[in-house]
Amino acid sequence: MSRADAIAAARRHVTDGHFASELARRVAIPSESPREDSGADHRRYLEDEMRPWLESMGFSCRILENPSIDRLPALFAERHEGDDLPTVLTYGHGDVLWGMAGDWDEGLDPWKLVERDGRLYGRGTVDNKGQHAINLAALSAVLEARGRLGFNVKVIIEMGEESGSPGLQELAETHRDLLSADVLIASDGPRIGADRPTVFLGARGSLNFHLICECREGAHHSGNWGGVLTNPGIRLAHALATLTDANGRIQIDAWRPPSIPENVRAALDQLAFEPGPNDPQLNPDWGEPGLQGPAQVMGFSSFEVLAFLCGRPEAPVNAVPGWARATCQLRYVVGVDGEQILPALREHLDAHGFSDIKVERMKRGFFSATRTDPDNDWVRLVRASVEETTGKPVSLLPNLGGSLPNEVFAETLGMPTVWVPHSHPACSQHAPNEHMLASVAEEGMAMMAGVWWDIGERRA
Ligand SMILES: [Zn+2]
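Calculation criteria
- Residues numbered from 1 in each chain as written.
- Predicted model: local features only at pLDDT ≥ 70, side-chain atom pairs only at ≥ 80, totals over all residues.
- Heavy atoms only, no water.
- Domains from an automatic or database assignment.
- Contact = heavy atoms within 4.5 Å.
- Buried area = accessible area lost by both parts, 1.4 Å probe.
- Salt bridge = Lys/Arg side-chain N within 4 Å of Asp/Glu carboxyl O.
- Polar contact = N/O pair within 3.5 Å; in protein donor to acceptor, adjacent residues only side chain to side chain.
- Nonpolar A, V, L, I, M, F, W, Y, C, P; charged D, E, K, R; others polar.
- Donors = N, O, S within 2.8 Å, 3.2 Å for Na, K, Ca; no water.
- Helix = DSSP H or I, 4+ residues; strand = E, 2+ residues; numbered from the N terminus.
- Buried < 20%, exposed > 50% of the residue type's maximum accessible area, 1.4 Å probe, protein only.
- Arc of directions from axis to C-beta.
- Disulfide = S-S within 2.5 Å.
- Pairing = 2+ DSSP bridges.
- Axes fitted to C-alpha atoms, helices over the stretch in contact; angles between N-to-C directions.
- Core = buried A, V, L, I, M, F, W, Y, C linked by side-chain atoms within 4.5 Å.

1. Quick look at the domain arrangement of the protein
Stage number 1. Partitioning the protein into domains gives domain 1 (3-203 + 369-458) and domain 2 (206-269 + 285-361).
Stage number 2. With 14 residues of domain 1 at the contact, the number on the domain 2 side is 12 residues.
Stage number 3. Buried area between domain 1 and domain 2, both sides added, is near 1,100 Å², and the carbon and sulfur share of it is 59%.
Stage number 4. Looking only at domain 1, the three residues that lose the most surface to domain 2 are Ala-369, Arg-371 and Gly-401, adding up to 47% of its buried area.
Stage number 5. Counting across the domain 1 and domain 2 interface gives zero salt bridges.
Stage number 6. One can count four residue pairs in polar contact (both at pLDDT 80 or more) joining domain 1 with domain 2.
Stage number 7. Tallied by class, the residues present in the side of domain 1 that touches domain 2 amount to six nonpolar, five polar and three charged.

2. Notes on the coordination of the zinc ion
Stage number 1. Surrounding the zinc ion are the protein donor atoms Asp-127 (OD), Glu-162 (OE), Glu-162 (OE) and His-430 (NE2), which sit 1.9 to 2.6 Å from the metal.
Stage number 2. Mapped onto the sequence, the donors of the zinc ion take the spacing D-x34-E-x267-H. Here Asp-127 is found in the loop between strand E5 (119-121) and helix H4 (129-146), whereas its partner Glu-162 is found in the loop between strand E6 (152-158) and helix H5 (168-174), with 35 residues between them in sequence. You'll find Asp-127 and Glu-162 in the same group, each marked buried.

3. Points about helix H2 (residues 18-27)
Stage number 1. All of the buried residues in H2 are Phe-19, Ala-20, Glu-22, Leu-23, Arg-26 and Val-27. An end-on view of H2 places all buried positions within 165° of arc, on one side of the element.

4. So, the state of the cysteines
Stage number 1. Within the structure shown, the criterion is met by zero disulfides.
Stage number 2. This cysteine, Cys-213, is not joined by any disulfide, and Cys-215 carries the nearest cysteine sulfur, 3.9 Å off.
Stage number 3. The class for Cys-213 is buried, based on a relative accessible area of 1%.

5. Quick look at the side chain of Ser-165
Stage number 1. One can find Ser-165 in the loop between E6 and H5.
Stage number 2. If we skip the residues at most four places from it in the chain, Ser-165 touches Glu-158, Gly-160 and Pro-405.

6. Topic: the sheet that holds strand E19 (residues 435-437)
Stage number 1. Strands sit in the order E4-E5-E19 across an open sheet of three strands; the sheet is antiparallel. Whereas interior strands pair on both sides, the edge strands pair on one side only; in this sheet they are strand E4 (114-116) and E19. This sheet shows a mean twist of 25° between the axes of neighbouring strands, independent of strand direction.
Stage number 2. Pairing analysis gives three bridges linking E5 to E19, with the strands arranged antiparallel. Bridging from a neighbouring strand, Leu-120 pairs with Met-436 of E19.
Stage number 3. Here helix H14 (residues 438-456) sits on the sheet in contact with E4 and E19, set at roughly 60° to E19.

7. So, the nonpolar core
Stage number 1. Counting 65 residues, the largest nonpolar core has Phe-19, Leu-54, Ile-185 and Trp-452 as the members making the most contacts within it.
Stage number 2. Residues contacting Leu-54, with those up to four places away along its chain left out, are Phe-59, Cys-61, Leu-75, Ala-77, Leu-136 and Val-155.
Stage number 3. Ile-260, Leu-268, Leu-404 and Trp-419 belong to the second largest nonpolar core, which has 31 residues in total.

8. Brief notes about the pattern of salt bridges
In a structure, side chains of opposite charge can pair up when their charged atoms sit close to one another.
Stage number 1. Scanning all chains against the criterion turns up 26 salt bridges.
Stage number 2. Taking the shortest distance from any N to any O, the salt bridge between Arg-26 and Glu-49 comes out at 3.0 Å. Of this pair, Arg-26 sits in helix H2 while Glu-49 sits in helix H3 (residues 39-56), placing them 23 residues apart in sequence. For the pair Arg-26 and Glu-49, one class covers both residues: buried.
Stage number 3. When the shortest N-O distance is used, the salt bridge between Arg-191 and Glu-443 registers 2.8 Å. With Arg-191 in the loop between strand E7 (183-186) and strand E8 (198-200) and Glu-443 in helix H14, the pair connects residues that are 252 residues apart, well separated along the chain.
Stage number 4. Residue Arg-191 is classed as buried on the basis of its relative accessible area of 2%.
Stage number 5. The network of salt bridges with shared partners includes Glu-32, Arg-35, Asp-37, Asp-41 and Arg-44.

Below you can see the structure in the form of structure tokens.
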């Protein structure tokens, strides 16, 4: 059997309804990781759905208990064909966010897969049950076509991604050898457009923090005290105004990448930012001068004031407030040292006369910036393979504008990371009416069968 046969079989798996009927069973398991009593559902997903399927493909499986939260175990599976063959690690998460039953459109239910108008509705269809189902079903198609894969595969499926992947980092540190591989090839998140095969290689980092100006306890009548008491809102506004210029250009050197690598810039310049009819108008003068659209969002850092609180906005009174607080976020790219972001901020504030402004790092919301070199051999292989299979150019994102815990793979396990998303921007992930497009499922299945086939051909 040939590459084309394996791809045709993979496509058939979607068009003949097998993919939807398998996914329906998995969607029916309400594996909401934020729910305290969800432990049995997570084990059911791994033990009743993933394990038998993987074992039927010749994988040996074991549960990795979560060192951080008991109810969120992970499944590790391995199919070893030869010591001299390359090893691919693939990843998925079987947990979902809240089902939000009752908020879905008429006739839809988070735990019941419904196919309607070329869409497969159900919680987890795109995030992420449907995506790892595609990758593993494509693997099965290649295995059947060729009798072997021609490479080794390791699989990790965690059940805590929607709760911030608790324990995943520790698991990676404890099981470094078990999880070691030549490359991570996995799927999560959306394509850049529904009909555009997309590959992304990392993510921007992100750090959230509060800036606080605390002058005194409580507020004081502005008729009696206004003029002799410092206003914390004004102090904080002036401090914030030193962080960027009036058009959002970041003023702290340590927050800015020293440069955008040439091949990263070239990849970004090939992407178009295409706002839909309901998206906001872009502000071309905002941010780093000379950068537009994708180069701005994925190639550079951006600073946001997420919230600014002073006094009682809901019912202002004539008083000098006692304190003011801004909740801030820096998203940053490779080239910015995540550990230097807050020390550099402290130094900057002190140098500008704002030693009274406190910096408080938020507990959640820290991600490292990661980006595999666009010229890495594995990236070239996947890209060429997908282009051959689909006949379409691949949209190559050096990194996402958003964040994801890719550092577990890119840094802790130290492997190149190649993500091939099978969702689309309007998929309603995390909201009612989550759905996968049948057309993307079919194309994704074909793409992945092609990728697995080509790795087995040792085209790397
Ligand atoms: Zn999610």
